[in-house]
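Observations on the three-dimensional arrangement
One-letter residues, chain by chain:
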Amino acid sequence: MVIGAVFSGAFAGRLVGEEPENPYTSAIDVRMGQRQFQSKCTSCHGVDATGGEEADGPDLTTGSFRHSTTDAGLFRVIRDGIAGTSMRGLRRAKDQEIWQLVTYLRTLSGAVDLASLPGSPEAGRAAFEQLDCGRCHMVQGRGGRLGPDLSRVGERRDPDELAEDVTTPDAEVSPRWWTVRITRADGTVVEGLRMGEDTSNLRIMDGEERLLSFAKPAVRSVERILESTMPAETLSDAERDDLVAYLSSLRGSDS
């Protein structure tokens, strides 16, 4: 889909259809989210977030939420509330506080028992390094920025989802990781992750993690590429299981 010179519409703030990713997912954010929960949410959901007879709200520890499946959706539910229910929303809370609440809620579902998985986290870590996954993905502050930070991916994705991520990376690509292809006025083409835009310039990060800025009058067209930039590796079943076990073990600062 070529967008041409219409930057102020499709590329204003973020690409059309793109949902924001949670920017607050560190261990500190989990703790701050827990504090927010304890001060604002326990009267309806209980001190342990399980709801129950003395609480009006539902159990939030199952990992399944009726009104949303994405972090952005949970953000909206927490901020805006749910019509016709006692969930009134936290309209006066700062965006950061709501994102931290989302991060905390994501940690409440039961963790996967790594011993029940067929693969080896240790072998998976070795495969992760051998495949040079760290070139694009960061784990505990080490690695690249061309793909999602995986430091807490074991809290966000279950083993089946991780197996799909590893074997068919194009199956589910967040708009945050779509590539932007820019054709300049002289016909040359540059690709990268969209990083931002103002009235005069469009900025991307290329495959070498260089931040590049393009003056809009010098750009002929802009195209979104919806496929993942992650290569689909040919893995044996054992290699896939090992990678899934390692990724499932990534749960924050203790990983």
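Coordinates for the structure precede this section.
Residues numbered from 1 in each chain as written. Predicted model: local features only at pLDDT ≥ 70, side-chain atom pairs only at ≥ 80, totals over all residues. Heavy atoms only, no water.

Let's shift gears to the packing of helix α4 (residues 71-80) against helix α5 (residues 95-106). Two elements in contact, α4 and α5, have axes separated by 9 Å at closest approach and are oriented at 120°. What the angle tells us is that α4 and α5 run oblique. Note that α4 runs across α5; the crossing there is right-handed. Here Asp71, Ala72, Leu74, Phe75, Ile78 and Arg79 of α4 lie close against α5, whose contacting residues are Asp95, Ile98, Trp99, Leu101, Val102, Leu105 and Arg106. (Axes fitted to C-alpha atoms, helices over the stretch in contact; angles between N-to-C directions. Helix = DSSP H or I, 4+ residues; strand = E, 2+ residues; numbered from the N terminus. Parallel < 35°, antiparallel > 145°, perpendicular 65-115°, else oblique. Left-handed = near helix turned anticlockwise from the far one by under 90°. Contact = heavy atoms within 4.5 Å.)

Under the defined criterion, the tally for this structure stands at 16 salt bridges. Arginine 157 serves as the salt-bridge partner of aspartate 165, at 2.9 Å between the closest nitrogen and oxygen. Accessibility expressed as a relative area gives 24% for aspartate 165, which makes it partly exposed. In this structure, arginine 240 and aspartate 237 form a salt bridge, with 3.5 Å as the shortest nitrogen-oxygen distance. You can see arginine 240 and its partner aspartate 237 sitting in helix α9 (residues 237-248), three residues apart, about one turn around the helix. A residue is classified by how much of its surface remains accessible, and arginine 240, at 25% relative accessible area, is partly exposed. Residue aspartate 237 is classed as exposed on the basis of its relative accessible area, which comes to 52%. By sharing partners, the salt bridges in this structure join Arg157, Glu161, Asp165 and Glu172 into a single network. (Salt bridge = Lys/Arg side-chain N within 4 Å of Asp/Glu carboxyl O. Buried < 20%, exposed > 50% of the residue type's maximum accessible area, 1.4 Å probe, protein only.)

Okay, the environment of aspartate 241 next. Mapped onto the secondary structure, aspartate 241 falls in helix α9. Residues aspartate 241 and alanine 163, spaced 78 residues apart in sequence, show a C-alpha to C-alpha distance of 7.6 Å. Excluding its chain neighbours within four sequence positions, the residues that come into contact with aspartate 241 are Pro118 and Gly119.

On inspection of all chains with the given rule, the structure shows one cavity of 30 Å³ or more. The calculated volume of the largest cavity comes to roughly 70 Å³. What lines the largest cavity is Asn22, Thr25, Asp71, Thr103, Arg106, Thr107, Arg152, Glu155 and Arg156. Among the residues making up the lining of the largest cavity, the classes are represented as no nonpolar, four polar and five charged. (1 Å grid on protein atoms, 1.4 Å probe; cavity = no way out; pocket = protein on both sides within 12 Å on 5 of 7 lines; lining within 4 Å. Points joined across faces, edges and corners; volume = space filled by probe spheres on them. Nonpolar A, V, L, I, M, F, W, Y, C, P; charged D, E, K, R; others polar.)

So, about the side chain of threonine 179. By secondary structure assignment, the location of threonine 179 is in strand β3 (residues 179-184). A relative accessible area of 6% places threonine 179 in the buried class.

The next point concerns the nonpolar core. Residues Phe37, Leu60, Ile78, Leu101 and Leu105 are the most contacted members of the largest nonpolar core, which totals 19 residues. Elements supplying a minimum of two residues to this core: α2 (27-40), α4 and α5. Per-element tally for this core: the top contributor is α5, with six residues. If you look at the next biggest cluster of nonpolar residues, it comprises 14 residues, including Ala127, Leu162, Val166 and Val244. (Core = buried A, V, L, I, M, F, W, Y, C linked by side-chain atoms within 4.5 Å.)

Tallied over the entire structure, the rule returns three aromatic pairs. The interplanar angle of 55° and the centroid separation of 5.6 Å between the aromatic rings of phenylalanine 37 and tyrosine 104 together place this pair among those described as tilted. Of this pair, phenylalanine 37 sits in helix α2 while tyrosine 104 sits in helix α5, and the two are 67 residues apart along the sequence. The class of phenylalanine 37 is buried, set by a relative accessible area of 1%. The aromatic ring of tryptophan 177 is capped on one face by arginine 176, whose charged end is 4.3 Å from the ring centroid. (Phe/Tyr/Trp six-rings, centres within 6.5 Å; stacked < 30°, edge-to-face > 60°. Lys NZ or Arg CZ within 6 Å of the ring centre and 35° of its normal.)

Further remarks concern the state of the cysteines. Here, the word disulfide means a covalent bond between the sulfur atoms of two cysteines. All chains considered together, the criterion is met by zero disulfides. Looking at the unpaired cysteine 41, the closest cysteine sulfur is the one in cysteine 44, lying at 8.4 Å. (Disulfide = S-S within 2.5 Å.)

What follows deals with the packing of helix α8 (residues 159-167) against α9. Look at α8 against α9: their axes get within 9 Å of each other, and the N-to-C directions meet at 125°. By the criterion of interaxial angle, the relationship of α8 to α9 is oblique. Two packed elements cross with a definite hand, and for α8 against α9 that hand is right-handed. The segment α8 lies against α9, with Pro159, Leu162, Ala163, Val166 and Thr167 engaging Arg240, Leu243, Val244, Leu247 and Ser248. Here the residues of the contact of α8 with α9 are counted per class, giving seven nonpolar, two polar and one charged.

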